[in-house]
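One letter stands for each residue in the lines below.
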Amino acid sequence: MVWFDESRLDDEAALATADLRLRTLAESGSRVRREVGGASDAIAEAVSRSIESRPRAVIAAGPDSRLLRAVLEPFCPVPFVAWPSPALPGWAGSLDLVVVLAPEGADAGTALAVAEAARRGCQLVVAAPPDSVVAEHATGRWTTLLPTSTGDQLATAVAMLSFLDQVHLGPTAEPDAVAEALDAVAIACSPNRDISINPAKMLAISLADAAPLLWGGSVLAARAARRVAESIRRTSGRTALAGDAEHLLPVVEAARPRNVFADPVADGAADRRPVLVILDDGADDPVVRDQRQRLEDAARSQDVRIEHVSSEATGEVARYASLLLSGTYAAEYLRLGLVAD
């Protein structure tokens, strides 16, 4: 039998068992500063190569291309393609810019894509550890390596986005704003702050006896919702679903009436009702407002709890980072509180 003991969230001995994971989350802002600072000279070199002419298209290659797609698609002034497979589109050539995120630098498929881009004469910018397999293939006249060291996907992406911002191919991605947003979340969700004033601990308690449904209205908020759902599944082994409004509405509308006499310990997962978690990055699009209203109305009509995770950070990337880290903290506190008899 697995149950949730919320007292563990403020217990020093229990928190000590999660110290490494929580410390890793708390250092998210410093990793952004480290990656961007370490790659500053390489970023300046890449900018000097790109400033003369705008590429025909931007291709984000490798498994981590989806994060760049979420950020760039609404803003990129030239055609943009995310290409996660271990190759490049057949039309890619010397007129195109290929950008690659490889935080670990060990993926053989990404290395093949990098080598292919260099062979075709594409302008190539690769963010990877200098001694990695991917970096070894990042050679060529029009190639710039942004050296990374932390293995952190978000920090690596911020370094790349800083370059794309400076060549006017992406949104404003001020690294200091992203790092400050992450620091603010780390302070608010610190294990030293007790349950009554810690938003991540309170969210973990809300998720403890529920099946989370996560929704974000904007493209980036939706991606943050998917990543937080992955974290919840990984830390708890429980179902957590992230999706668009039309995917979540049927689940909310099918929720059974709340049984006030239910015993969550005795019933276990059998009576675990959904909880709607809205990740709000301040998007004010009319379509987003309508979808949010529909979800909230359906939740209220079915007596489904609604939890909000919001961010007031400056910039789209900073708000995404803030939402992601807030949800990840909650997932770790959920892991900590779950105990087996």
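Bear in mind that the values here come from a model prediction, so they are computed numbers and not experimental data.

What sets the pattern is the α-helix's 3.6 residues per turn: residues three or four places apart point alike. When we look at burial in helix 4 (residues 40-50), the residues that qualify are Ala-42, Ile-43, Ala-46, Val-47 and Ser-50. Angularly, the buried residues of helix 4 cover 140 degrees about the axis, an arc narrow enough to put them on a single face.

In the contact formed by helix 4 and helix 8 (residues 153-166), the axes pass within 9 Å of each other and the chain directions differ by 30 degrees. The two elements helix 4 and helix 8 cross, and the hand of that crossing is right-handed. Taken together, the residues of helix 8 that come into contact with helix 4 (itself represented by Ile-43, Ala-46, Val-47 and Ser-50) are Ala-159, Ser-162, Phe-163 and Gln-166. When the residues that make up the contact of helix 4 with helix 8 are grouped by side-chain class, the tally is five nonpolar, three polar and no charged.

Counted according to the given criterion, the structure contains one aromatic pair. Ring centres of Tyr-329 and Tyr-333 lie 6.2 Å apart, and the angle between their planes is 25 degrees; this geometry places the pair in the stacked category. Highlighted residues: Tyr-329 and Tyr-333, both in helix 15 (residues 316-337), separated by four residues, approximately one helical turn. Take Tyr-329: its relative accessible area is 1%, and that puts it in the buried class.

Right, let's get into the pattern of salt bridges. Tallied over the full model, the rule gives 17 salt bridges. In this structure, the salt-bridge partner of Asp-19 is Arg-23, at a minimum N-O distance of 3.2 Å. Taken together, the residues span about one helical turn, with Asp-19 and Arg-23 both in helix 2 (residues 19-26) at a distance of four residues. Overall, the relative accessible area of 35% leaves Asp-19 in the partly exposed class. Overall, the relative accessible area of 45% leaves Arg-23 in the partly exposed class. A salt bridge links Arg-300 to Glu-296; the shortest N-O distance between them is 3.7 Å. Pair noted here: Arg-300 and Glu-296 are both in helix 14 (residues 286-301), with a separation of four residues, about one helical turn. Among the ionic contacts, a cluster of salt bridges with common partners joins Asp-280, Arg-292, Glu-296, Asp-297 and Arg-300.

Turning our eyes to something else, we now look at the sheet that holds strand 4 (residues 97-101). Sheet architecture is open: five strands sit in the order 3-2-4-5-6, paired in parallel fashion. Edge strands, defined here as strands with exactly one partner in the open sheet, are strand 3 (80-83) and strand 6 (143-147). Sheet twist, expressed as the average angle between the axes of neighbouring strands with direction ignored, equals 15 degrees. Here strand 5 (residues 123-128) runs beside strand 6; their pairing, made up of five bridges, is parallel. Counterpart to Val-126 in the pairing with strand 6 is Leu-145. Here helix 6 (residues 108-120) sits on the sheet and contacts strand 2 (58-61), strand 4, strand 5 and strand 6; the angle it forms with strand 5, its principal contact strand, is near 155 degrees.

Turning our eyes to something else, we now look at the nonpolar core. Val-99, Met-160, Phe-163 and Tyr-329 are the most contacted members of the largest nonpolar core, which totals 85 residues. Ranked by residues supplied to this core, first place goes to helix 15 with 13 residues. Those residues in contact with Phe-163 that lie beyond four places of it in its chain are Ile-43, Ala-46, Val-47, Ser-50, Leu-97, Val-99, Gln-123 and Val-125. Counting 17 residues, the second largest nonpolar core, distinct from the first, contains Ala-61, Leu-124, Val-134 and Ala-138.

Here Ser-311 lies in the loop between strand 10 (305-310) and helix 15. A residue is classified by how much of its surface remains accessible, and Ser-311, at 10% relative accessible area, is buried. Only 3.3 Å separates the side chain of Ser-311 from the side chain of Ser-322, close enough to count as a polar contact. Other than its neighbours up to four places away in sequence, Ser-311 contacts Asp-280, Asp-281, Arg-319, Ser-322 and Leu-323.

Spatial ordering of the open sheet is given by 8-7-9-10, a layout of four strands whose pairing is parallel. With one partner strand each, in any of the chains shown, strand 8 (241-242) and strand 10 form the two edges of the open sheet. In terms of strand pairing, strand 7 (residues 210-216) meets strand 8 through two bridges, oriented parallel. Bridging from a neighbouring strand, Leu-214 pairs with Ala-242 of strand 8. Sheet contacts for helix 12 (residues 245-253): strand 7 and strand 8; angle to strand 7, the most-contacted strand, approximately 155 degrees. Where helix 14 meets the sheet, its contacts fall on strand 7, strand 9 (273-280) and strand 10, and the angle it forms with strand 9 comes to roughly 155 degrees.

Another point: the environment of Phe-163. Counting through the fold element by element, Phe-163 comes out in helix 8. Taking relative accessible area as the criterion, Phe-163 reaches 0% and is therefore assigned buried. When the C-alpha atoms of Phe-163 and Pro-175 are compared, they prove to be 11 Å apart, with twelve residues separating the residues in sequence.

Another aspect to go through is the pairing of strand 2. The alternating pattern of strand 2 places Val-58 and Ala-60 on one face and Ile-59 and Ala-61 on the opposite face, and all of these are buried. As defined by bridge partners, strand 2 adjoins strand 3 across four bridges and the pair is classed as parallel. In the sheet register, Ile-59 faces strand 3, and the bridge partner there is Val-81. This β-α-β element, strand 2 to helix 5 (residues 65-72) to strand 3, shows right-handed connectivity. As judged from the four bridges shared by strand 2 and strand 4, these two strands associate in the parallel manner. The residue bridging Val-58 from the neighbouring strand is Leu-97, located in strand 4.

What counts and what doesn't
Residues numbered from 1 in each chain as written. Predicted model: local features only at pLDDT ≥ 70, side-chain atom pairs only at ≥ 80, totals over all residues. Heavy atoms only, no water. Buried < 20%, exposed > 50% of the residue type's maximum accessible area, 1.4 Å probe, protein only. Helix = DSSP H or I, 4+ residues; strand = E, 2+ residues; numbered from the N terminus. Arc of directions from axis to C-beta. Axes fitted to C-alpha atoms, helices over the stretch in contact; angles between N-to-C directions. Left-handed = near helix turned anticlockwise from the far one by under 90°. Contact = heavy atoms within 4.5 Å. Nonpolar A, V, L, I, M, F, W, Y, C, P; charged D, E, K, R; others polar. Phe/Tyr/Trp six-rings, centres within 6.5 Å; stacked < 30°, edge-to-face > 60°. Salt bridge = Lys/Arg side-chain N within 4 Å of Asp/Glu carboxyl O. Pairing = 2+ DSSP bridges. Core = buried A, V, L, I, M, F, W, Y, C linked by side-chain atoms within 4.5 Å. Polar contact = N/O pair within 3.5 Å; in protein donor to acceptor, adjacent residues only side chain to side chain. Right-handed = clockwise from strand over helix to strand, strands pointing away.

These values are about where atoms sit, not about what they do.
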